[in-house]
Amino acid sequence: MTQIESKKGMFIDTTLCHGCKACEVACKSWNELPANSAPSLTGNSYDNTGKLDGENWRHVKFIEDISDDRKDSRWLFLSDSCKHCQLAGCMSVCPTNAIIRTEFDTVYIDHDTCIGCKYCITGCPFGVIEIGHLSGTAEKCTLCYDRLQAGQQPACAQACPTDSIEFGEVEDLVTMAKKREQYLQSAGYGKAQIYGDKNILGGLNVFYMLEDKPEKYGLPSDPQMPQKTMVGGYWSSVFSLFAVGLVSLLSFRSYRERKFKEEEETTTGA
Amino acid sequence: MGSNFAENHPVAFRFVLRARDNGARILHVDPRFTRTSAMSSDYVPMRSGTDIAFIGALINYVIQNDKFFKEYVVNYTNAPFIVKEEYQDTEDLEGIFSGFDPDKKAYDNASWAYEREDPVEPEGEPANLSERLAREKLAGRPKRDETLQHPRSVFQLMKKHYSRYTPEMVEEICGTSKEEFLMVAETVTANSNPERTTTFCYAMGWTQHTYGVQTIRSGAILQGLLGNMGRPGGGILALRGHANVQGATDLSTLWNSLPGYLDMPAKGAAHDTLEDFLRDKMRPTSFWQNYPKYLVSILKAWYGDAATPANDFAYEALPKTLGNHSHYKMFEEAYNGIIKGMMVIGQNPAVGGQNASFHRKALGKLDWLVVKDPFLIETATFWYEAPEVKNGSVKAEDIGTEVFYLPSTVFAETEGSFTNTSRLLQTKEKAADPPGDCRSDLWFTYELGKRLKELYKDSNAKRDWGFNHLTWDYEPDVNPRFKIQEPSEHKIVKEINGYDVATGAPVAGFGDLQDDGSTACGCWIYSGVLPEESLNRAANREGDDYQYLNWGFAWPANRRNLYNRASARPDGKPWSERKKYIWWDAGKEEWTGYDVPDFAATKAPDTPAVPGGVGLAAQSGKDPFLMNPDGVIQLFAPAGLADGPLPTHYEPPDTPVSKNILYPEQTFSPTAVIFEHLPNNKVHGANNSKYPFVITTYRVTEHHLSGAMTRWLPWLAELMPELFLEISPELASELGVHSKDFVTVETGRGKIEARALVTKRMRPLKVEGKMVHTVGMPIHWGYSGVATGSVPNDLSAIVADPNVYIHSSKAFTCNVKKGRLPGGVV
Amino acid sequence: MYNYELTQLKSPDFPFIIIFDLFIGGIAAGAFLVAVLLLAFGGKINKAGLHRAYYITMALLPVYGLLLILKLEQKERFVNVMWQAREGSLMINFQSPMSLGAWVLNVFIVFAAVGFLYALRKDGMLQFAWAEKLYKSAVWLHEGPAAKVFLSLGAVFAGWFAMYLGVLVTTSHLPAWTATPFIPTLWAFSAVVTGVSVVILLLVFTNRGSKLDDSIHRLDNIVKSVIVANIAMIIVFVLALGQWSETVTRGMYGALLWGGVVGAGLIVPLLLKMKPKLLGQKFTLIFSSVLVLVGGFILRYVVMMGPMSYW
């Protein structure tokens, strides 16, 4: 196991994000990710990226929250990526330990080990991971592991013009976020809330300041580890084994009593 | 207002957000709910093109409710000045000012002048050319009434002019509800006083109208009344849309100006000799009285030793304008076969010009065309890729233009500096050599100049004298890191900064420039950027917690806030402790503060104006606006404008309403320039039932202008991959259109197709008792590149403002139908 | 107009061959499971030919393994599932049903091999002298004093193997897979009906005279019972899915589930089996078994592809 040297993460303050997508471009530029082939308008606000996947490790969501009479008009932006969870579903289900925790306490996919079984895709409660078209392995944000190793901040954080993406030690970021939350709540953002504190999967290294409840942003309010439903699966397996065994045996044996009767019928019938 | 700050200036917007988090209120008044609206405290909708009605109503609100900053207005504006009796307002003449000539569609501004005292004869002999010429034009001081009660005082004239610009009128004209308007009015006025300041940020939403200059003036007038000029956190901020457009303007890419906002001599005017020219341009009672020093210094910089007092410093070699050579006039002349060849560098008129299809027609009439751009843009490909060629209505073989394409560099492949919105010069470094044959525009221009000089070197023709004597030595300072060497940045900056001709040493600032040929300077306002041979202040990178005076260099003279003398009371004390910025230090007998004072450093507040004085001597120690003739804000402009001394609401040439409610006799600006004689350039007029919807065009963050730098980059192209038309759900359901469906947009100029983007961010407004739908379309698309689409600028008409010939692309009308264009753009 | 609810989760988009995988693995496990159970606990009843189920298992497991590898994006790296090269250790992750499943498969292969040897000996085929000890051990394990223990263990692994892919999808975030714990049950029941159906087919086609009739009919009896259980389980499953039931009942998937699986794949064979005279005994056996197999295949298609294509 890698020794964790420092806990790095990002604090993404959506109240400062104006949806310029510089983070998306910086991410693709640094990580040499190809542009989507034959992109077309999605029709969903200004979001033409659509989702996180093997080639899009950052995705700015555009949420038009506007009432019919336009009295309440909000346009929310959220720069989404891998959250580098403390309890990482993807890592927990990986059959090859290809998903590892780095010395920066981030979640990283070791491409040399990944076999492309796609299981981690279902393990992530946020829909972050997908198979890269070029690599053929699972892909997601690395928190710019290579830049971190060189003492730099991730490309997106560096490119963000409004400091909506703050990179640093998770502990410092949490302190900053708590202060910010207090400020925002006093400044008219009544529903401002931190998303990704300890209560979410043991804490997200990449966490958010939201203006409203997580569901508004398409984030699960209470994400779980995939293993939460595994136990039920095993219990039902045990039950099934007994049930099917018993039914089989009984059916097999019960045939004895009726055997001759049926044989007689068959003979006369034929 | 008039800007989409967050989307089009996303980096600078960080400061707005910081202000917001410091408690500032951000109001966004705009026809569309944009990313700026999303980040603002409040969004207020309005109909596109009605800004003057809105701001006029704010001015009226300020005057009627006595919310103006009295001491500031009386001392720092021309509100007390008395205007001539002959002057008649739009209120008197149903929508036009006195002096209008309907045949020429132009004003004679003689009647707009101030009433003046008798001129005072100056004493003594003039010290130099500048002083001598200034004295020739000296007039008497304007008459004033500091009680502001004189019926012909600027204040009273304004009060009358705007008296009918009421909140109700705003509701009628702009479609903004009275409540929303009053919210804006109250917020702005409550935030404008000695303790607080308000700023207005504008961009193309204010400028691109047939009355663009007047829109900006209306903002300036309001800010003058509120005392928000020259004070920290005040002003009206022009947001520049490119990294270096400010620099481009400063160094004069405009047809009628020389570097540093000096004028280009004209053939038609009495500009035969240097003295004639200067006599015409001379402004005797402001800092501009130094005009001759700057012009002579430019001539010295350009013609070196060949520029002598005897030959008018080679004034004759300066090209003279033959008329109006603004962009649209130029293309008109190309279309008419007058202009035969064209070099298009860093521009994409085939899709970026208004009525772009006309631009393509004009390009097709040229003999030759040089296009220099990083990518093979539409202006270079129009003859085989334009929609009219693709659909067969124009045949490629009928286009005789010989097109040369020269690949250009991008910003990281050259060194130099950018001048940003804040007039701040910041150097940048070259990161890499350009690929292949790509060369910077500077490299190209320098090499072209060298070759032309070589070509003309044996010519004795008078017309070639200029070429043969032009100083043209920018040989590279070789940088071993790169293969491709750029012309010397140092030599260029030094020429721009100016130097002493005799010693060759850089001058410390424009104060050192002379009109006797002893100094040379390429652009006086930049003077001081290189005060010493080895110190380029644009490369300074020292921060502090307020004005960053040692970060880069802001022209003029590193001043960050222009006219900052106005941040102090007339007596030199700060208006308030909170807004303390520049003040008079009575002990040291000098101006001091957090910025470089924009005032004569030791001119005490109680210094009286010198009767008969020229230049700054004509202004007192309490006249902060030293570039203006009387040292004060010109709420009323007696001269300098082609379309009236006070901003007045007119409708755009295409308007959904039946008339201008304020002046039913005068729906449109009487001086708007309409290029009626161009093909396919019909304006729709008022309430044209064929074109019922208002359309506004704009940029989005993801692309830049005509897309020449972004639609070819897959990473950017994918972010906004296709042209779209933003429409409200209300209109979409009327048209039976869903998001992503194709729609056809039609105007009298052209017809294009786009995908619909249905969004509640667009909203119908009630104007003139009916619902007016606005649709919006980004301008970035064209037929070449990675992300291609119809050309949005095919829709707009070539119409212009009479002052600066800016076009009108923000408010015109169109029709929208479901479905694709037959044989449409693929 | 649009929300991001659906994009917060992603379908793994397992390739289509996972259906074959599930199907083949189910047959292999189902046949083995029933065989060992009957051999161990079938009492003194005639068990002629039951050992031939082992041939099926042994034949299908390599195919299963191959498909498993083909499913991977990086096929040549399949060994990473068992050996962690970076850390130089055996690879096992108890939190991951997939990792565990790989080991279950390995163990199951051992059981299947023993069974295979036993079957060969019983049928007197391929009796190499050098492998005599192996055959003897296989017989000992099946008939010796510890037979019941060995066969029970085999049953456990067969069951686990039949169901691990069910547990695997249950351990995920696709609501349709996680809303109920019943997918392993579905797999188990279907494994038995399909596995036994294949055994029946094998016995029918290898039946010389009527020596195996008894076994065939007894096995058929199992199929009938488990079909009933299987139908019940499908209904319980769909009901338990609640709001997510549309992932398997919408459009084509609904038609396939009710018409293909429940109708043609379960009810029709059941009815046929109850009225064997309608089409003749032998033909009924063959035809109903084939229908069961088709139904089993479609069931896997619906339960896997339905939810995946929903996202």
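Residues numbered from 1 in each chain as written. Chains lettered and ligands numbered in written order. Predicted model: local features only at pLDDT ≥ 70, side-chain atom pairs only at ≥ 80, totals over all residues. Heavy atoms only, no water.

**Student:** Explain the domain arrangement of chain A residue by residue, including any values.
**Tutor:** Under the domain assignment used here, chain A contains domain 1 (8-223) and domain 2 (228-269). Of note, the centres of domain 1 of chain A and domain 2 of chain A, computed from C-alpha atoms alone, are 51 Å apart. (Domains from an automatic or database assignment.)

**Student:** Give a detailed account of helix α13 (residues 274-281) of chain B, specifying residues and quantitative values.
**Tutor:** All names here are of chain B. Among all positions in α13, only Leu 274, Phe 277 and Leu 278 are buried. Projection of α13 onto a plane perpendicular to its axis shows the buried side chains occupying an angular sector of 95 degrees, all on one side. Its buried side turned inward, α13 meets α6 (129-137), β8 (262-263) and α14 (291-303). (Buried < 20%, exposed > 50% of the residue type's maximum accessible area, 1.4 Å probe, protein only. Helix = DSSP H or I, 4+ residues; strand = E, 2+ residues; numbered from the N terminus. Arc of directions from axis to C-beta. Contact = heavy atoms within 4.5 Å.)

**Student:** Tell me what's going on with the layout of surface pockets, and back it up with residues and numbers.
**Tutor:** Computed from the structure, the second largest pocket encloses a volume of approximately 1200 Å³. Only β3 (73-80) of chain A together with α2 (13-21), α3 (35-39), β2 (42-45), α8 (167-174), α9 (178-190) and β26 (765-767) of chain B provide two or more residues apiece to the lining of the second largest pocket. When residues of the lining of the second largest pocket are assigned to their parent elements, the largest contribution, five residues, is made by β3(A). (1 Å grid on protein atoms, 1.4 Å probe; cavity = no way out; pocket = protein on both sides within 12 Å on 5 of 7 lines; lining within 4 Å. Points joined across faces, edges and corners; volume = space filled by probe spheres on them.)

**Student:** I'd love a proper account of the packing of helix α1 (residues 17-41) of chain C against helix α5 (residues 147-170) of chain C, names of residues and values included.
**Tutor:** All names here are of chain C. Relative to each other, α1 and α5 sit at 160 degrees, their axes nearing to 8 Å. Relative to α5, the element α1 is oriented roughly antiparallel. Classified by chirality, the crossing of α5 by α1 is left-handed. Across the interface between the two elements, Leu 22, Gly 25, Ala 29, Phe 32, Leu 33, Val 36, Leu 37, Leu 39, Ala 40 and Phe 41 from α1 touch Lys 148, Leu 151, Ser 152, Gly 154, Ala 155, Ala 158, Gly 159, Phe 161, Ala 162 and Leu 165 from α5. Its residues assigned to classes, the contact of α1 with α5 comprises 15 nonpolar, four polar and one charged. (Axes fitted to C-alpha atoms, helices over the stretch in contact; angles between N-to-C directions. Parallel < 35°, antiparallel > 145°, perpendicular 65-115°, else oblique. Left-handed = near helix turned anticlockwise from the far one by under 90°. Nonpolar A, V, L, I, M, F, W, Y, C, P; charged D, E, K, R; others polar.)

**Student:** Describe the packing of aromatic side chains, with residues and values.
**Tutor:** Each aromatic ring pair is summarised here by two numbers: the centre-to-centre distance and the angle between the ring planes. A complete count under the given rule lists 76 aromatic pairs over all chains for this structure. Residues Tyr108(A) and Tyr145(A) carry aromatic rings whose centres are separated by 4.8 Å and whose planes lie at 50 degrees to one another, so their mutual orientation is tilted. With a gap of 37 residues between them, Tyr108(A) in strand β5 (residues 107-109) and Tyr145(A) in helix α4 (residues 145-149) connect regions that are remote in the sequence. Among the aromatic residues, those joined into a cluster by ring pairs are Phe277(B), Phe287(B), Trp288(B), Tyr291(B), Tyr294(B), Tyr315(B), Phe510(B) and Trp524(B). Above the plane of the ring of Trp443(B) lies Arg439(B), whose end atom (NZ or CZ) is 5.2 Å from the centre. One Lys or Arg, Arg820(B), reaches over the ring of Phe742(B) and ends 3.9 Å from the middle of that ring. (Phe/Tyr/Trp six-rings, centres within 6.5 Å; stacked < 30°, edge-to-face > 60°. Lys NZ or Arg CZ within 6 Å of the ring centre and 35° of its normal.)

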